[in-house]
Amino acid sequence: MQAGGCIGLFAPSGVIALERHAKAVARLEALGFRVVVAEEASFFWRYFAGTDEERLAAFHRLLADPQVDALMMVRGGYGWSRLLHRVDWELVARARKPLIGFSDFTALNLAALARCNLMTFAGPGAAVDFGGIDDDARAQEGHDFTDRHCWPALRGEAIEVAPIADAAGQAPQVIEGPLWGSNLSLISDLTGTPFLPEVHGGILFLEEINEQPYAVERMLFNLFHAGILGRQKAILLGAFTDCEPDGGRFAYRMEHVIETLRALVPVPVLAGLPFGHVPAKLTIPYGAPARLVIGRDGYSLTLNAG
């Protein structure tokens, strides 16, 4: 994806905020890209940006458009699970265009890998990450991080993330394998379906938002019982945003969940990956080989879509 290329924006899930969407288009154009917006992106039906038929038609049309070089979601929410069984996977495989998004977009990341062996990108959403920059210095720093890592990844350049200060008492080692995962809820929901890839020897990365820690742990046990965790070489934890206990007789926190996970699997479980529902997120070539180097005080990760 070179400067001057054309990005097709579409809304496969929730209704978009028009002001943030307009800011995102302006930002992407200022970066030197041409932008095509699916007309359905501004539609409204129930919770969704248009009916299932309308949202699916926008996706298929952008895939088939020879002027469009890559597709990026406007925002996430909920919606892809309603569409997966109706996607034209032959068109997806034939087009082989970069598909970029996170959160609910994880369903498409997973399904494209399972059905087409297609590398996609777990990365920013247009309105979320390019239309929401504000005057808060920390938020701006996060958006700058996202910007710096997105375009090189889409160009196929190697990205090294280092150092991340969490070795969790692991012995120094180097682990290589396909990097995959993203939103935990979607991975858990698609377990047992033809839309979940069977990845052996992988590096699994996970993130979540607005789930209580006990529910996060329950989903992790689902992946464990299904044999998914046992097939991985390492597990990387991104942001678990607003995953806080709501009270009760014991404040079961994410640190308890991580402790349980580390006792459950015999592979490194490392926290701090800059990815998730946060301003500072990597763009991760989904399913591509990655190299994880664990040192005594932290770890580094090399990603390469080329």
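Data block above holds the structure.
Everything numeric here is computed off the predicted structure, so don't read it as measured data. (Residues numbered from 1 in each chain as written. Predicted model: local features only at pLDDT ≥ 70, side-chain atom pairs only at ≥ 80, totals over all residues. Heavy atoms only, no water.)

A.B. asks: Where do I start with the pairing of strand β9 (residues 232–241) in this structure?
C.D. replies: When a strand is regular, its side chains alternate between the sheet's two faces. Within β9, nine of the 10 residues are buried, leaving the element largely enclosed by the surrounding structure. As defined by bridge partners, strand β8 (residues 202–209) adjoins β9 across seven bridges and the pair is classed as parallel. Bridge pairing links Ile209 to Thr241 in β9. On the question of chirality, the crossover connecting β8 to the parallel β9 by way of helix α8 (residues 213–225) is right-handed. Pairing geometry for β9 and strand β10 (residues 269–271), over three bridges, is parallel. (Buried < 20%, exposed > 50% of the residue type's maximum accessible area, 1.4 Å probe, protein only. Helix = DSSP H or I, 4+ residues; strand = E, 2+ residues; numbered from the N terminus. Pairing = 2+ DSSP bridges. Right-handed = clockwise from strand over helix to strand, strands pointing away.)

A.B. asks: Looking at this structure, how should I read the side chain of Ser185?
C.D. replies: When you line up the elements, Ser185 lands in helix α7 (residues 184–190). Dropping the residues within four chain positions of it, Ser185 is found in contact with Glu208, Glu211 and Met219. (Contact = heavy atoms within 4.5 Å.)

A.B. asks: Help me understand helix α2 (residues 52–64), please; the structure alone is not making it clear to me.
C.D. replies: Along an α-helix, residues three or four apart share an orientation, since each turn contains 3.6 residues. With 13 residues, α2 should reach 18 Å at 1.5 Å per residue; the first-to-last C-alpha distance of 18 Å fits that figure. Those residues of α2 that sit buried are Asp52, Arg55, Leu56, Ala58, Phe59, His60, Leu62 and Leu63. Turning to α2, the residues buried within the fold contact β1 (6–10), β2 (34–37), β3 (70–73), α3 (89–95), β4 (99–101) and α4 (106–116). (Expected span 1.5 Å × (residues − 1).)

A.B. asks: Can you help me understand the packing of α8 against helix α9 (residues 254–264) in this one?
C.D. replies: For any two helices packed against each other, one specifies the inter-axial angle together with the distance between the axes. Relative to each other, α8 and α9 sit at 15 degrees, their axes nearing to 9 Å. It follows from the interaxial angle that α8 and α9 lie roughly parallel. Crossing of α8 against α9: the hand is right-handed. The segment α8 lies against α9, with Pro213, Val216, Glu217, Leu220, Phe221 and Phe224 engaging Met254, His256, Val257, Thr260, Leu261 and Leu264. The class makeup of the residues in the contact of α8 with α9 is nine nonpolar, two polar and one charged. (Axes fitted to C-alpha atoms, helices over the stretch in contact; angles between N-to-C directions. Parallel < 35°, antiparallel > 145°, perpendicular 65-115°, else oblique. Left-handed = near helix turned anticlockwise from the far one by under 90°. Nonpolar A, V, L, I, M, F, W, Y, C, P; charged D, E, K, R; others polar.)

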